[in-house]
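Observations on chain architecture
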Amino acid sequence: MKSNEKLQAMLIKNYVFFSMLVGIMAILLFVLFNFQLLKEMGESPDSKLKAQEIVRQDFQKIPSEGVELVQGWVEILDDHRQIVFVKGKKLDSITAYTEKDLNELFYDSKQNRYHASITPFETEEGRNYYCLVKIPKKNITSDLTFSNTYNGQYNVFWLLIIQTSLLFIILFSINVYLYSRWTSTKITNPLLQVARGIKDIADGHYRNRLNYKANYELQQIQASFNNLAERLEKAENEKKQLEESKQRMLVDLSHDLKTPITSIKGYVEALRNDLIKDEEKRKNVLNVIYTKTELVTGLIEDLFELTKLDSPDYPFAKELSDIAEFIRELAVEYYDAFEDKNFHFQFEIPSYEVKVPFNQILLYRSLSNILSNALAYNPEGTTVTLKLTEDDTKVHISIKDDGIGISNEIKEKVFDAFFRGDQSRKSDGGTGLGLTITKKIIEMHNGSIHLDSGNGYTHFQIALLK
Ligand code: ADP
């Protein structure tokens with residue numbers, strides 16, 4: 001079946017086919033009816049009504065139907081004109097004939113109520129018998145054809161009509177049954193699949209897809225159903241991934257907290273037990289403890305920030321402000337830090353106003369994460385460029401450095417929570433949450449962030465809607 005064939009078209013087609021079938025059936029039955037009618041009535045009746053035509057050696061088998069149809073009967077007489085056998089319903093009580101009786105039978109006188117025909121014949125046993133046929137005159141004409149007044153002809157006609165009608169009703173019923181089955185399977189089979197599919201989804205099995213060939217409307221249902229199942233399956237997978245990532249976050253978090261706290265505990269224990277006598281060493285230990293405490297505090301603060309941002313009722317308000325001025329202030333703030341570390345800090349910021357709706361505190365946090373990373377992970381002499389450009393619908397913030405770069409393997413993961421590159425681990429500095437927070441903030445602004453990096457360069461491109 002063509003998939004774009006509409007249900008209505010299919011039903012019309014079936015209906016036409018069904019009607020044609022009924023028409024052909026009716027024509028065939030009509031032909032059959034006529035054939036039967038001709039057979040029953042068209043045959044020359046006198047050939048069946050005359051003794052010489054129906055006589056048989058085995059007289060019991062004489063075909064007397066034609067005679068009986070006109071209420072006549074057949075008598076078999078022996079050579080003494082005694083009746084030895086009768087076929088049909090005998091209407092008189094004669095049991096034997098004289099020669100005179102017989103002669104009178106063939107006079108066409110008014111008193112003669114029967115038309116008679118007689119023929120001699122020899123039986124199988126070699127006896128000479130007579131076959132006498134008697135038919136009431138009222139039922140036939142003088143030339144031995146059916147009388148117009150005789151209704152036997154009509155009986156045959158009506159019998160044939162009833163027979164043909166019954167046959168038609170039976171064939172019609174079979175046709176109706178087959179048609180309804182054929183039509184319904186074209187509709188019910190796909191519907192059964194749909195019902196099964198819905199049940200699967202209700203039971204939480206999203207993998208199964210519908211796969212049937214049907215009409216346009218049912219194909220549409222199939223396409224929508226499969227689309228829905230696909231989306232549910234995707235959502236289910238995402239949910240699973242989210243749960244897994246939360247689980248992983250918890251494991252990472254407990255690990256990241258445990259490591260510095262364990263070493264703080266070790267150092268404090270040593271101090272408490274007076275194990276470090278040398279004043280210089282004590283100072284160093286205290287410095288290490290301080291750095292580790294800073295790390296833990298940073299981690300907790302970042303985590304708190306991320307949780308806050310993730311919360312649906314976090315008060316997030318954007319204000320239409322001049323982003324060029326905002327970026328300029330950011331550049332000024334970072335200028336000294338870059339200078340101190342012997343970086344080359346370049347910026348290209350329009351001198352005119354560029355109005356964009358954004359949240360100053362959050363965007364500051366987002367961009368300073370990127371600038372701080374550039375400063376933290378790259379060696380002296382690195383050039384960092386901060387650019388602001390705009391087009392009709394967006395502003396583009398680009399922060400690029402020609403430092404150590406981020407390899408392709410870890411590029412995909414830098415935005416994941418708790419992901420820290422080797423450099424960060426070695427220096428024991430980062431929390432692994434910085435870029436996660438950055439991305440989250442940009443997304444809250446309905447903006448986009450893209451990282452392009454490789455060996456020797458790192459380039460973050462941010463776009464915000466105007
Ligand atoms: P953190 O800095 O706390 O480790 P981030 O999410 O801010 O976490 O950064 C993830 C990782 O991406 C860092 O650990 C670092 O390895 C890498 N990274 C980020 N920015 C740069 C950069 N400008 N140059 C090189 N590596 C970087």
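Definitions and cut-offs
- Residues numbered from 1 in each chain as written.
- Predicted model: local features only at pLDDT ≥ 70, side-chain atom pairs only at ≥ 80, totals over all residues.
- Domains from an automatic or database assignment.
- Contact = placed C-beta atoms within 7 Å.
- Helix = DSSP H or I, 4+ residues; strand = E, 2+ residues; numbered from the N terminus.
- Nonpolar A, V, L, I, M, F, W, Y, C, P; charged D, E, K, R; others polar.
- Buried ≥ 20, exposed ≤ 12 C-beta atoms within 10 Å, placed from the backbone.
- Pairing = 2+ DSSP bridges.
- Axes fitted to C-alpha atoms, helices over the stretch in contact; angles between N-to-C directions.
- Parallel < 35°, antiparallel > 145°, perpendicular 65-115°, else oblique.
- Left-handed = near helix turned anticlockwise from the far one by under 90°.
- Core = buried A, V, L, I, M, F, W, Y, C linked by C-beta atoms within 7 Å.

As a further point, take the domain arrangement of the protein. Segmentation of the protein into domains returns domain 1 (12-41 + 150-186), domain 2 (57-142), domain 3 (190-312) and domain 4 (315-465). A straight line from the C-alpha centre of domain 3 to that of domain 4 covers 24 Å. Contact with domain 3, which involves 12 residues of that partner, is made by 10 residues of domain 4. Elements represented by at least two residues in the side of domain 3 that touches domain 4 include exactly helix 7 (216-272) and helix 8 (279-310). Here the side of domain 3 that touches domain 4 gets 8 residues from one element, more than from any other, and that element is helix 8. Taken together, the residues that form the side of domain 3 that touches domain 4 break down as 7 nonpolar, 1 polar and 4 charged.

Our focus in this paragraph is the pairing of strand 11 (residues 457-465). Burial of strand 11 is one-sided: the residues Thr458, Phe460, Ile462 and Leu464 facing one way are buried, the residues Tyr457, His459, Gln461, Ala463 and Leu465 facing the other way are not. Pairing geometry for strand 9 (residues 394-401) and strand 11, over 8 bridges, is antiparallel. By the bridge assignment, Val395 is partnered in strand 11 with Leu464. Bridge count for strand 10 (residues 448-454) against strand 11 is 7 bridges, and the pairing is antiparallel. Bridged to Ile449 within strand 11 is Ile462. As consecutive antiparallel partners, strand 10 and strand 11 are separated by 2 residues, and within that stretch Gly456 has a phi angle of approximately 95°, a positive value.

Strand order in the open sheet formed by 4 strands is 2-1-4-3, and the pairing between neighbours is antiparallel. Taken across any chain shown, the strands that pair with only one partner, and hence form the sheet edges, are strand 2 (83-88) and strand 3 (114-122). Strand-to-strand twist of the sheet, defined as the mean angle between neighbouring strand axes without regard to direction, takes the value 20°. Of the strand pairs in this sheet, strand 1 (residues 73-77) and strand 4 (residues 128-136) are connected by 5 bridges, and their pairing is antiparallel. Looking across to strand 4, one finds that Glu75 is bridged to Leu132.

Going residue by residue along strand 7 (residues 355-358), you find Val356 and Phe358 tucked away on one face and Lys355 and Pro357 left uncovered on the opposite face. Pairing analysis gives 4 bridges linking strand 5 (residues 319-322) to strand 7, with the strands arranged antiparallel. Residue pairing in the sheet places Ser321 in a bridge with Val356 of strand 7.

Attention shifts here to the packing of helix 9 (residues 323-340) against helix 10 (residues 360-377). Where helix 9 meets helix 10, the axes come as close as 11 Å, and the angle between the chain directions of the two elements is 30°. In terms of orientation, helix 9 lies roughly parallel with respect to helix 10. Seen from above, helix 9 lies across helix 10 with right-handed handedness. Facing helix 9, whose interface residues are Phe326, Leu330, Tyr334, Ala337 and Phe338, helix 10 presents Gln360, Tyr364, Leu367, Leu371 and Leu375. Looking at the contact of helix 9 with helix 10 residue by residue, the class counts come to 9 nonpolar, 1 polar and no charged.

Among the nonpolar cores identified, the biggest contains 31 residues, and Ile323, Ile327, Val384, Val395, Ile397 and Ile462 are the most heavily contacted of them. Only helix 9, strand 7, helix 10, strand 8 (383-390), strand 9, helix 13 (434-444) and strand 11 provide two or more residues apiece to this core. Aside from chain neighbours lying at most four places away, what touches Val395 is Ile323, Val354, Val356, Leu388, Glu390, Leu464 and Lys466. Core analysis: the second largest hydrophobic core is formed by 18 residues, Leu49, Val74, Tyr129 and Ile140 among them.

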